[in-house]
Amino acid sequence: QVQLVESGGGLVQAGGSLRLSCAASGGTLSINAMGWYRQAPGKQRELVAHISSGGSTNYADSVKGRFTISRDNAKNAVFLQMNSLKPEDTAVYFCNVKMYWGTVYWGQGTQVTVSS
């Protein structure tokens, strides 16, 4: 069983930056991919960014060039650096890991609010 704890959310003005962190514990040797998703009020949860075990990344079109995902395998952590934030980035952000055998775990979510 993998536990995920996110941190780093908060309130920021448009154009500002935030850095989200997610620390994994328990069964971490079997983690394959890691990612960040977000869910805005009244909307479906959507992929923000994803990073494979080998470091390959992909991003939602809406965040390309502004967000950067990275991981520290030694610390079992994944990060999301968010720059040039926009009000439409306001959402609850969830950390996600996928194990090599396919099981997916989610964090509890962290609120990001961008004021205009």
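Because the structure is a prediction, the values reported are computed rather than measured.

Visitor: Explain the nonpolar core here, please?
Guide: Burial of nonpolar side chains together is a common tendency in soluble globular proteins. Among the nonpolar cores identified, the biggest contains 31 residues, and Trp36, Leu80, Met82 and Tyr93 are the most heavily contacted of them. Counting residues per element, the ones that place at least two in this core are strand 3 (18-25), strand 4 (31-39), strand 5 (46-51), strand 7 (67-72), strand 8 (77-82), strand 9 (91-99) and strand 11 (110-115). Counting residues per element, this core draws most heavily on strand 9, at five residues.

Visitor: Please clarify how the sheet that holds strand 8 should be interpreted in this entry.
Guide: Sheets are built from strands paired through backbone hydrogen bonds, the pairs being either parallel or antiparallel. With antiparallel pairing, four strands are arranged side by side in an open sheet as 1-3-8-7. A single partner strand is all that each edge strand has here, and the edge strands are strand 1 (3-7) and strand 7. Going from strand to strand, the sheet's axes swing by 15 degrees on average, the running direction of each strand aside. In the sheet, strand 1 pairs with strand 3 via five bridges, with the strands oriented antiparallel. When the bridges of strand 3 are listed, Glu6 appears paired with Cys22.

Visitor: I keep staring at the pairing of strand 9 and nothing clicks. Help me out?
Guide: Regular strands show a simple pattern: their side chains alternate between the two faces of the sheet. Of all nine residues making up strand 9, seven are buried, and the element is well covered by its neighbours. By the bridge criterion, three bridges tie strand 9 to strand 11 in an arrangement that is antiparallel. Paired with Val92 across the strands is Gln111, a residue of strand 11. Examined bridge by bridge, strand 9 and strand 10 (residues 104-106) share three bridges and lie antiparallel to one another. Opposite Lys98, over in strand 10, you have Val104 as the bridge partner. Hairpin connection, strand 9 to strand 10: the antiparallel pair is bridged by four residues, and Gly102 has positive phi, about 110 degrees.

Basis of the calculations
Residues numbered from 1 in each chain as written. Predicted model: local features only at pLDDT ≥ 70, side-chain atom pairs only at ≥ 80, totals over all residues. Heavy atoms only, no water. Core = buried A, V, L, I, M, F, W, Y, C linked by side-chain atoms within 4.5 Å. Buried < 20%, exposed > 50% of the residue type's maximum accessible area, 1.4 Å probe, protein only. Helix = DSSP H or I, 4+ residues; strand = E, 2+ residues; numbered from the N terminus. Pairing = 2+ DSSP bridges. Axes fitted to C-alpha atoms, helices over the stretch in contact; angles between N-to-C directions.

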